[in-house]
Amino acid sequence: MNILICIKQVPDMESKFKINGEGTWYDRADLAWRMNEYDEYAVEQAVRLKEQLPNSDLTVLCIGQDQASESIKKALAMGCDKGVHIADPDSSQREPIAIATMIAGFAKEELFDIIFTGMQSQDRGSAQVGVMVAELLGIPAVTTIVDFSYDENTGAIQVKRELEGGSKALVTATTPVVLTCQLGLNTPRYPTLPNIMKAKKKELRTVLPAPAAVDARQETSACYFPEKKGGGLVLEGEIPELADKLIQLLKEKTSALA
Amino acid sequence: MKTLLVAEFREGKLRAEYSQLIAFAQQQQTEAAMFLVGNAGELPKFNGTLYLADAAKHGEYNPTVHRQLLLDVVATEQPAQIVFLHSSYGWDLAPRIAVALQAAQISEIISVDNGLPVVPVCNAKLRRSIKSTTGRTVLTIQAGAFSLEGEPEGAPTVVAIDTDAAGRVQCTGYEAAKLEGVDLTKAEIIVSAGRGVGKPENVAMVQALAKALGGEYGASRPVVDAGWVEHNRQVGTTGSTVTPKLYVACGISGAIQHLAGMKKSDFIVAINTDKDAPIGEVANVLVVADLKQFLPVLTEKLGAR
């Protein structure tokens, strides 16, 4: 099976964010970068499918600045076969349809049976790109999957979609299909040292982005920190005093210690 | 400005969240119509046109079918905005509509400030206000961000719609939420573990505090996904929505999905090393401390009372 995995590199969400000079997004300086968490589940599921179907070919695609290749290398070390880096210094400013158009442009040149990606990114969080890729390619998409199986005999793909309140929808599909992965779909592996070494020899191709194929449909007016809603008491200090203060507050304000 | 609201129906039932769509339209003071693939026997309470397709004919959610039904209604109604909930239905269907209409899509709106939708980004640490530059815009609104004062009222004028479109994926059934065992929705005190606990062994500290307070322990999604705490103890959109008298969030940064599941608790204590964590927005008390040092001391002092 020919499989594409679309990943994004995002800042570690524990980072201290600063707003950029234009006031439109976070400042990229001084951030730690990692593979989008949702995409780790996508990579893992693809690697598991290759374990089931050893003849599969796994291509991992990432759009971004030079350092995005680090996330591709991680995916290769997890078990993907080859990487494609669309070197685009402006990717973080692009809206979902622009990113989806770039991915679809790449994907339509090869016939991928399954495209795995995260259900959203941790930074922009639009949850749009995966579905848009499918629509642009004219193939089905199933979003927010938390379970996946492939039947080699019938070619049927069985997934479970996560719904609100913890219930799940059982969905069947066939290839070609785009599947967007939710947290908890599997347990993404940590690359082992031998696999990290092996990954260095795998193909990692860098290509330039195609000229913009879509006109802008939206623009960021401003990016900013939310206003602190007052009311909440902030306790800082030494641990024992903090514990005493908190117990006192619980006694005064709640019936929990009554 | 005309707005089309996309209501939801699942497993034979109208989803009550449609009232949030009405609340959004009222806040925007726009003329609204509604779209639903549902059942004429269970209509949303809404004064306006309801474009209704029969769920009995079309079955459970099928993206291709619902997209076609909705695009047909858009062609008739010519709305400037098409509004979904940011839900498993909304985030699945909305981008399909946006692509077909070549319209901007703005996801997970929490408010509208000076006419511009505002969305949370970077795990709700930042906000973006976004301007659509297309004549028509597809919007999804965050669950719980817009609500009516009371119950929705009214009776819609129903316009029946239909399509012959068929899709290539099939919903074959549902798996109910596994909620056997503990029921956190009934707990009066809940102490929850978040990613900040660091490793599975530290969950015991959270359990110990819950025991000292005479409550139950819970967890946020990453902790459940990691397998450190069972799913029936997950608090948040895809777990339980809880309203205890006391909620103690230990090492929980406060992702929107978690906040939605616990922010109506009577009293919220957050223990976090990050003073700026979004959990601080809903906490009555934020203790800035490393939970690994703080919890054992707190638990001991509670036990010694």
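Residue positions are given per chain, counting from 1 as you read along its sequence in written order. To label them, take the chains in the order written and letter them from A, then take the ligands in the order written and number them from 1. Selection of residues for local features in this predicted model requires a pLDDT of at least 70, selection of side-chain atom pairs for listing and counting requires 80 or more, and totals for whole chains, interfaces and linings are taken over all residues. Based on all heavy atoms of the structure, the side-chain values leave hydrogens and waters out of the count.

**Details of the confidence of the model for chain B**
Rules: For every residue, the pLDDT score states the predictor's confidence, bounded by 0 at the bottom and 100 at the top.
Residues of chain B with pLDDT of at least 70 account for 99%, and the chain-wide mean is 94. Across the assembled chains, the prediction reports ipTM 0.92 with pTM 0.89.

**Re the packing of helix α3 (residues 63-77) of chain B against helix α4 (residues 90-101) of chain B**
Residues and elements named next belong to chain B. What counts is decided by this rule: Axes here refer to lines fitted to C-alpha atoms; in helices the fit is confined to the stretch in contact. Angles between the N-to-C directions go from 0 to 180 degrees. Every helix listed is a DSSP run of H or I at least four residues long, and every strand listed is a run of E at least two residues long, numbered separately from the N terminus. For this classification, under 35 degrees means roughly parallel, over 145 means roughly antiparallel, 65 to 115 means roughly perpendicular, and everything else is oblique. By convention the crossing between two helices is left-handed if the near helix lies anticlockwise of the far one by an angle smaller than a right angle, and right-handed if it lies clockwise. For this analysis, residues touch if any pair of their heavy atoms sits within 4.5 Å. Under this grouping Gly is polar, as are all residues other than the nonpolar Ala, Val, Leu, Ile, Met, Phe, Trp, Tyr, Cys and Pro and the charged Asp, Glu, Lys and Arg.
Their axes nearest at 10 Å, the elements α3 and α4 cross at an angle of 50 degrees. The pairing of α3 with α4 is recorded here as oblique in orientation. Considering only the axes of α3 and α4, their crossing is right-handed. Here α3 contributes Pro63, His66, Arg67, Leu70, Leu71 and Val74 to the contact with α4, which in turn contributes Asp92, Leu93, Arg96, Ile97, Ala100 and Leu101. Here the residues of the contact of α3 with α4 sort into eight nonpolar, one polar and three charged.

**Concerning the interface of chain B and chain A**
Applied cut-off: Summed over both partners, the accessible surface that disappears when two parts come together, traced with a 1.4 Å probe, is what is meant by buried area. Any carboxyl oxygen of Asp or Glu within 4 Å of a side-chain nitrogen of Lys or Arg constitutes a salt bridge here. By the criterion applied in these results, polar contacts are pairs of N or O atoms within 3.5 Å in which, for protein atoms, one can donate a hydrogen and the other can accept it, and in which residues neighboring in sequence qualify only through two side-chain atoms. For two strands to be treated as a pair, DSSP must find no fewer than two bridges joining them.
Counting residues at the interface gives 81 residues for chain B, matched by 83 residues for chain A. For the pairing of chain B and chain A, the buried interface totals around 7000 Å² over both sides, and the portion due to carbon and sulfur atoms is 55%. It is Trp91(B), Arg128(B) and Glu175(B) that lose the most area in chain B upon contact with chain A, and together they represent 9% of the buried surface on that side. Counting across the chain B and chain A interface gives 12 salt bridges. The shortest N-O distance in the salt bridge between Arg67(B) and Glu135(A) comes to 2.3 Å. At the boundary of chain B and chain A, one finds 40 residue pairs in polar contact (both at pLDDT 80 or more). Sorting elements by how many residues they give to the side of chain B that touches chain A places strand β10 (residues 126-132) of chain B first, with seven residues. In terms of residue class, the side of chain B that touches chain A is made up of 37 nonpolar, 20 polar and 24 charged. Bridging between strand β13 (residues 233-235) of chain A and strand β18 (residues 285-288) of chain B involves three bridges; their strand directions are parallel. Looking at β18(B), one finds that Val234(A) is bridged to Leu286(B).

**Regarding the packing of aromatic side chains**
We count it as follows: We call Phe, Tyr and Trp rings a pair once their centres come within 6.5 Å, taking the six-membered ring for Trp, and we label the pair stacked below 30 degrees between planes, edge-to-face above 60, and tilted otherwise. Only protein chains enter the calculation, and the probe is 1.4 Å; a residue is then buried if its accessible area is under 20% of its type maximum, exposed if over 50%, and partly exposed in between. Whether a charge lies above a ring is judged from NZ of Lys or CZ of Arg, which has to be within 6 Å of the ring centre and within 35 degrees of the ring normal.
This model, assessed by the stated rule, comprises seven aromatic pairs over all chains. Geometrically, the ring pair formed by Phe116(A) and Phe148(A) is edge-to-face, given 5.5 Å between the ring centres and 70 degrees between the ring planes. One end of the pair, Phe116(A), is in strand β6 (residues 114-118); the other, Phe148(A), is in strand β7 (residues 141-150), with 32 residues separating them in the sequence. Pair check on accessibility: Phe116(A) and Phe148(A) agree, each one buried. Between Arg124(A) and the ring centre of Trp25(A), over which it is positioned, the NZ or CZ distance is 4.8 Å. Its end group placed over the ring of Tyr217(B), Arg233(B) keeps NZ or CZ at 3.8 Å from the ring centre.

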